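Results of the structural survey
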Amino acid sequence: MTDIDTPCSRGRGRPQTRSDDETRHLIAQAAVQEFLTHGYAGACIDDVAKGAGVSKKTLYRLIPTKADLFRASVTDRIARFMQDADEAMVDTVDVADALERYLTELGNLTLSSDTIAMLRLSIAEADRFPELASSFYFDAVSAAKGVLVKFIERQCALGVLNLEQPATAADMLRGMMVMEPQRAYMMTGAPLPTPDEIANRARQCVRIFLRGCMVATKS
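Definitions and cut-offs
Residues numbered from 1 in each chain as written. Predicted model: local features only at pLDDT ≥ 70, side-chain atom pairs only at ≥ 80, totals over all residues. Heavy atoms only, no water. Axes fitted to C-alpha atoms, helices over the stretch in contact; angles between N-to-C directions. Helix = DSSP H or I, 4+ residues; strand = E, 2+ residues; numbered from the N terminus. Parallel < 35°, antiparallel > 145°, perpendicular 65-115°, else oblique. Left-handed = near helix turned anticlockwise from the far one by under 90°. Contact = heavy atoms within 4.5 Å. Nonpolar A, V, L, I, M, F, W, Y, C, P; charged D, E, K, R; others polar. Phe/Tyr/Trp six-rings, centres within 6.5 Å; stacked < 30°, edge-to-face > 60°. Buried < 20%, exposed > 50% of the residue type's maximum accessible area, 1.4 Å probe, protein only. Lys NZ or Arg CZ within 6 Å of the ring centre and 35° of its normal. pLDDT = per-residue confidence, 0-100. Core = buried A, V, L, I, M, F, W, Y, C linked by side-chain atoms within 4.5 Å. Salt bridge = Lys/Arg side-chain N within 4 Å of Asp/Glu carboxyl O.

With that settled, the discussion passes to the packing of helix 5 (residues 95–110) against helix 8 (residues 166–188). At a minimum axis distance of 10 Å, the contact between helix 5 and helix 8 shows a crossing angle of 30°. When the interaxial angle is binned, helix 5 and helix 8 end up roughly parallel. In terms of crossing hand, the pair formed by helix 5 and helix 8 is right-handed. Between helix 5 and helix 8, the contacting residues are Leu 99, Tyr 102, Leu 103, Leu 106, Gly 107 and Thr 110 on the first element and Leu 173, Arg 174, Met 177, Val 178 and Gln 182 on the second. Here the contact of helix 5 with helix 8 is composed, by residue class, of 7 nonpolar, 3 polar and 1 charged.

Take a look at the structure:
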């Protein structure tokens, strides 16, 4: 546990405390805004600490370097997605419903302006700081894909789906969901889809996907 670093005058009682995980979350949120405002090289760790309401000592104890800070800003958001995705796909009987819920969560994550801004930043800084792009790929893209691959593999083992390469199929399904809206926003300034449009796109993607790989049931 770590003491709250924001000054607080209290007459009696023990000081409030919060867990290190809660503090990391606050730091990660502040780090995202700092990176998006000033870029990676221009980001000031002192300002991140101020934005999170923690001391520099606490920040450096939990997240020692700027590279770690960037990684935390990525993994904080993906951790919440992973939790939601796992809940959507665990012990689910209806494959179409599970895939639709996963793609909807994926769309809400990847088709947000902040996520795309962080992607742009990692690409723009890739020549000087290649670890940023690598971190974004492995900690976000690859981690999110892993949930879907695991689910598809399980459905194949149960005889519900028939796919020779579940990982490749997962790539195709994810690309169908997010690639075009993301590119249109990044390259032409097209508006990002609304939550309703994301949900509708997820339904369409699942319908197309399952028509190609769902095992026909015997009547």
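On to the packing of aromatic side chains, then. The final tally for this structure, using the stated rule, is 6 aromatic pairs. Relative to Tyr 102, the ring of Phe 81 has its centre 5.7 Å away and its plane inclined at 65°; by these criteria the two rings are edge-to-face. Residue Phe 81 is located in helix 4 (residues 66–89), and its partner Tyr 102 is located in helix 5; the two are separated by 21 residues in the primary sequence. Its relative accessible area of 3% is what places Phe 81 among the buried residues. Its relative accessible area of 0% is what places Tyr 102 among the buried residues. One residue, Lys 66, lies across the ring of Tyr 40, its end atom 5.4 Å from the ring centre.

Our next topic: the confidence of the model for the chain. When pLDDT is low, close inspection of the predicted coordinates is not appropriate. Mean pLDDT over the chain stands at 87; residues scoring 70 or higher make up 88%. By mean pLDDT, strand 1 (residues 2–3) is the weakest element of the chain at 39, and helix 8 is the strongest at 96. Considering only residues more than four positions removed or in separate chains, one finds that residues 1–15, a stretch of pLDDT under 50, has 22 contacts.

Of all hydrophobic cores here, the largest spans 32 residues; its most connected members are Leu 99, Tyr 102 and Leu 103. Broken down by secondary-structure element, the contributors of at least two residues to this core are helix 4, helix 5, helix 7 (130–157), helix 8 and helix 9 (195–213). Excluding residues within four positions of it along the chain, Leu 99 makes contact with Met 89, Leu 148, Phe 151, Leu 173, Val 206, Phe 209 and Leu 210. In terms of nonpolar packing, the next biggest core, distinct from the first, is built from 26 residues, Ala 30, Ala 52, Val 54 and Leu 69 among them.

Scanning the model with the defined rule gives 9 salt bridges in all. Note that Glu 100 is salt-bridged to Arg 203, the shortest N-O span being 3.9 Å. One end of the pair, Glu 100, is in helix 5; the other, Arg 203, is in helix 9, and 103 residues separate them in sequence. Its relative accessible area of 24% is what places Glu 100 among the partly exposed residues.

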